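One letter stands for each residue in the lines below.
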Amino acid sequence: MNKITVSAPGKLMLMGEHAAVFGHPCLVAAVDQRMRVSVEFIKEQILKLHAPDLKVRSYIKSIKELGNGDIPREVKFVEMAVKNIVNRYSLKSGLKIITKSEISSQFGFGSSSAVTVCVVKAISELFNLRLSNKEIFDISYRTVLDIQGKGSGFDVATAVYGGALYFKNGGKVIEPLSTSSLSLIVGYSGIKADTVALIDKVKKSFESKQDRLDDIYNEVGSLVDQAKGAFVKMDWESFGSFMNKNQELLKELGVSTDKLNDMINAAIKSRAYGAKISGAGGGDCMIALVDEVNRKKVCDAIKNVGGEIIKVKTGAEGVRIE
Ligand code: MEV
């Protein structure tokens, strides 16, 4: 085999953001927007990258120099993923990589972690390394940490495993859950958020209130554990009320915005079971859990306050060979 194409899904955080970075559990789901990556052997000892969605036409780097020098932001995840797997398994070959994304980088659906997972999976298949999902997760998570410095890795786990997961920082726990009847609405607030900046912002604003921050994270962790029970029983009314309690704590962390609050309140008023931000906050998306009969009403209410409805389905399959 000289060439392989793989794909991996984007993600949504259902509950537990921010606390997740500090060892608490979270609940996450894969969405049906996918990243596709093809990798091919080439003779020259170079990485040749074509990523048209990111306006990267032909990026070339010697295999020996991977990770060195100034690396453009758009190619960082691919280059570092190649470097990490090539170094770990002493692989020898030039590689041509083409990426194609359905995952808009604007909404915070995890395009960077999905591309990282795809590169690691594709190279492992091409070289017949027979890596397990956990090994693919570990190399991909290492790559994300090399670049971002922080993050729980939930986005990487979702790209690898798909479906819905109960997850603990660094992959200490990765437990698949069933999502057969999860009925979510996703609303985009129109503002692109920066996860690392938001994690730092929370840390800074609680500098003199560390005890309260610890309490909030403990409360979030406990809500996630209770919500997991409701999720498994498909008790959406209870799950929604846990989402609402989680949102109150996220507000206290200072990561919700007026726009997101308006969208969330509009959803609740229109009889959503629950609604909250999804992810780091500061922009990006909110989610609302609904009974199908209320879907249109809730969508209209979110649109009326200026939100954009993003059509996605949860529970998509994890990384796979195409
Ligand atoms: C960002 O989508 C969610 C955070 O919890 C970061 C992470 O878990 O990696 C803020």
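In this text, all values refer to a predicted model and were calculated from it rather than measured experimentally.

## A closer look at the site of the ligand
Next, step 1: Neighbouring the ligand are Lys11, Glu17, His18, Ala20, Val21, Gly151, Ser152, Phe154, Thr195, Gly279 and Ala280.
Next, step 2: Histidine 18 is positioned such that a nitrogen or oxygen atom in its backbone is 2.8 Å from an oxygen atom of the ligand.
Next, step 3: Isolated, the ligand exposes 300 Å² of accessible area, and the fraction of that covered by the protein chains is 95%.
Next, step 4: Most atoms of the ligand, that is more than half of them, are within 2 Å of grid points of the largest pocket.

## Some words on helix 8 (residues 258-269)
Given 3.6 residues per helical turn, the α-helix brings residues three or four places apart onto the same face.
Next, step 1: Over its 12 residues, helix 8 extends 16 Å from the first C-alpha to the last, a length consistent with the 16 Å expected when each residue adds 1.5 Å.
Next, step 2: All buried positions along helix 8 are accounted for by Leu260, Asn261, Met263, Ile264, Ala266 and Ala267.
Next, step 3: As for helix 8, its buried residues are in contact with strand 8 (184-188), helix 7 (236-253), strand 9 (274-278), strand 10 (285-289) and helix 9 (295-304).
Next, step 4: Just past helix 8, the residue arginine 271 takes up positive phi, approximately 75°.

## Brief notes about the environment of glutamate 17
Next, step 1: Mapping glutamate 17 onto the fold places it in the loop between strand 1 (3-15) and strand 2 (25-42).
Next, step 2: Along the sequence, glutamate 17 and leucine 250 sit 233 residues apart, while their C-alpha atoms lie 8.4 Å from each other.
Next, step 3: Those residues in contact with glutamate 17 that sit more than four places away from it in its chain are Asn246, Leu250, Lys276, Ile277, Ser278 and Gly279.
Next, step 4: Looking at glutamate 17, its side chain comes within polar contact range of the side chain of lysine 276, at 2.9 Å.
Next, step 5: Looking at glutamate 17, its side chain comes within polar contact range of the main-chain nitrogen of glycine 279, at 2.8 Å.

## Examining the layout of surface pockets
Next, step 1: Of the volumes computed, that of the largest pocket is approximately 1400 Å³.
Next, step 2: Along the walls of the largest pocket sit 50 residues, with Phe77, Ser111, Ser112, Gln148 and Lys192 positioned nearest its centre.
Next, step 3: Contributions of two or more residues to the lining of the largest pocket are made by strand 1, helix 1 (76-88), strand 5 (94-101), helix 2 (111-126), helix 3 (133-148), helix 4 (154-161) and helix 5 (195-205).
Next, step 4: The dominant element in the lining of the largest pocket, judged by the number of residues it contributes, is helix 2, at four residues.
Next, step 5: In the lining of the largest pocket, the residues fall into 21 nonpolar, 17 polar and 12 charged.
Next, step 6: Reported here for the second largest pocket is a volume of approximately 190 Å³.
Next, step 7: In this structure, the second largest pocket is lined by Leu184, Ile185, Val186, Arg295, Cys299, Lys303, Ile309, Ile310, Lys311, Val312 and Lys313.

## Some words on helix 3
Next, step 1: Its 16 residues give helix 3 an end-to-end C-alpha distance of 22 Å, which sits within 8% of 22 Å, the value for a rise of 1.5 Å per residue.
Next, step 2: For helix 3, the secondary structure elements touched by its buried residues are helix 1, helix 2, helix 4, strand 6 (164-168) and strand 7 (173-177).
Next, step 3: Trailing helix 3 by a residue or two, glycine 149 shows a phi angle of about 80°, which is positive.

## Considerations on the pairing of strand 1
Side-chain direction in a regular strand flips from residue to residue, so the side chains alternate between the two faces of the sheet.
Next, step 1: Most of strand 1 is tucked away, with 11 of its 13 residues classed as buried.
Next, step 2: Here strand 1 pairs with strand 2 via 12 bridges, running antiparallel. Directly across from serine 7, in strand 2, lies its bridge partner arginine 36.

## Considering the pattern of salt bridges
Next, step 1: In total, this model carries 17 salt bridges according to the counting rule given.
Next, step 2: Of the charged contacts in the structure, one is a salt bridge between glutamate 219 and arginine 212, with a shortest N-O distance of 3.3 Å.
Next, step 3: What makes glutamate 219 partly exposed here is its relative accessible area of 35%.
Next, step 4: Sharing partners across several salt bridges, the network here consists of Arg36, Glu102, Glu317, Arg320 and Glu322.

## A short note on the packing of aromatic side chains
Next, step 1: The tally for this structure, following the rule as stated, stands at nine aromatic pairs.
Next, step 2: Ring centres of phenylalanine 137 and tyrosine 141 lie 5.5 Å apart, and the angle between their planes is 20°; this geometry places the pair in the stacked category. Here phenylalanine 137 pairs with tyrosine 141, and both are found in helix 3, just four residues apart, close to one helical turn.
Next, step 3: Judged by relative accessible area, which is 0%, phenylalanine 137 ranks as buried.
Next, step 4: Members of the aromatic cluster, connected to one another through ring pairs, are Phe107, Phe109 and Tyr188.
Next, step 5: The ring of phenylalanine 206 carries the charged tip of lysine 209 above its face, separated from the ring centre by 4.6 Å.
Next, step 6: Over the ring of tyrosine 166 we find lysine 228; its NZ or CZ atom is 4.2 Å from the centre of that ring.

Analysis parameters
- Residues numbered from 1 in each chain as written.
- Predicted model: local features only at pLDDT ≥ 70, side-chain atom pairs only at ≥ 80, totals over all residues.
- Heavy atoms only, no water.
- Near = heavy atom within 4 Å.
- Polar contact = N/O pair within 3.5 Å; in protein donor to acceptor, adjacent residues only side chain to side chain.
- Areas by Shrake-Rupley, 256 points an atom, 1.4 Å probe, with all protein chains shown as cover.
- 1 Å grid on protein atoms, 1.4 Å probe; cavity = no way out; pocket = protein on both sides within 12 Å on 5 of 7 lines; lining within 4 Å.
- Sits in = over half its atoms within 2 Å of the grid points.
- Helix = DSSP H or I, 4+ residues; strand = E, 2+ residues; numbered from the N terminus.
- Expected span 1.5 Å × (residues − 1).
- Buried < 20%, exposed > 50% of the residue type's maximum accessible area, 1.4 Å probe, protein only.
- Contact = heavy atoms within 4.5 Å.
- Points joined across faces, edges and corners; volume = space filled by probe spheres on them.
- Nonpolar A, V, L, I, M, F, W, Y, C, P; charged D, E, K, R; others polar.
- Pairing = 2+ DSSP bridges.
- Salt bridge = Lys/Arg side-chain N within 4 Å of Asp/Glu carboxyl O.
- Phe/Tyr/Trp six-rings, centres within 6.5 Å; stacked < 30°, edge-to-face > 60°.
- Lys NZ or Arg CZ within 6 Å of the ring centre and 35° of its normal.

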